[in-house]
Amino acid sequence: PLMNPTVHQFQGSVLKDLHYHRRQITYKPNNLSEIEREALTELQNNKDIVILSADKDGAVVVMNWLQYDSEAKRQLQDGVTIWKCLWTPLLAREEGIITDKVMQHLTIKDPMSQYIYFLAKIHKDPVKPPGRPIVSGRGSITEPLSLFLTKYLKPLLQWVRSRIQDTTEFLKVILETQLEPE
């Protein structure tokens, strides 16, 4: 069958734009030598090490896998850093804490798995750094609850005296602060 004239015109327009923009793209040569690229690939494929970001200063940390694994297990098993959540939206609805409508907002269909990783706190101990746990919850079962809490708790932040919104506000507070002479 013949293509719809509007679709054909759109196809031609897209192809023309792609051809035009392709001429404007300049390819930059790789800034790594072949030896450096091979070394980087070797590091990436080394299962005995973990390459991660530091908790502060944006440093790159190369850590022994067994040390990283040990720190992760320590935190996951200490009962303080991570704990099992016994609350569910269904339980809250059954107990009359939330309505059916709120439960629908707090429930996600086909959630993605959460995963945890640790950033090295090299400012605390550069040799055997503790880890800062980061839980990726995007698309997970906890995301709707996070959005719900943010929506209802964010307006209350203005009443928290110790809250500083950003660097600009921090600098303003510092400049306006009068220190008492000793």
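The preceding data block contains the structure.
Residues numbered from 1 in each chain as written. Predicted model: local features only at pLDDT ≥ 70, side-chain atom pairs only at ≥ 80, totals over all residues. Heavy atoms only, no water.

## Here's the deal with empty space enclosed by the protein
And step 1. Under the definition given, this model contains one cavity of 30 Å³ or more.
And step 2. Forming the boundary of the largest cavity are L52, M63, Y68, E71, A72, F118, L119, A120, P129, P130 and G131.
And step 3. A breakdown of the residues in the lining of the largest cavity according to their chemical character gives nine nonpolar, one polar and one charged. (1 Å grid on protein atoms, 1.4 Å probe; cavity = no way out; pocket = protein on both sides within 12 Å on 5 of 7 lines; lining within 4 Å. Points joined across faces, edges and corners; volume = space filled by probe spheres on them. Nonpolar A, V, L, I, M, F, W, Y, C, P; charged D, E, K, R; others polar.)

## Considering the layout of surface pockets
And step 1. In this structure, the largest pocket spans a volume of roughly 730 Å³.
And step 2. What lines the largest pocket is a set of 21 residues, and nearest its centre among them are C85, Q114, I141, T142 and L145.
And step 3. Counting residues per element, the ones that place at least two in the lining of the largest pocket are β3 (115–120) and α6 (143–153).
And step 4. No other element matches α6, which puts three residues into the lining of the largest pocket.
And step 5. For the lining of the largest pocket, the per-class residue count stands at 14 nonpolar, seven polar and no charged. (Helix = DSSP H or I, 4+ residues; strand = E, 2+ residues; numbered from the N terminus.)

## Comments concerning the environment of I35
And step 1. Residue placement: I35 occurs in helix α2 (residues 34–45).
And step 2. We classify I35 as exposed; its relative accessible area is 67%.
And step 3. Each C-alpha atom of the pair I35 and S113 lies 38 Å from the other, and the pair is 78 residues apart in sequence. (Buried < 20%, exposed > 50% of the residue type's maximum accessible area, 1.4 Å probe, protein only.)

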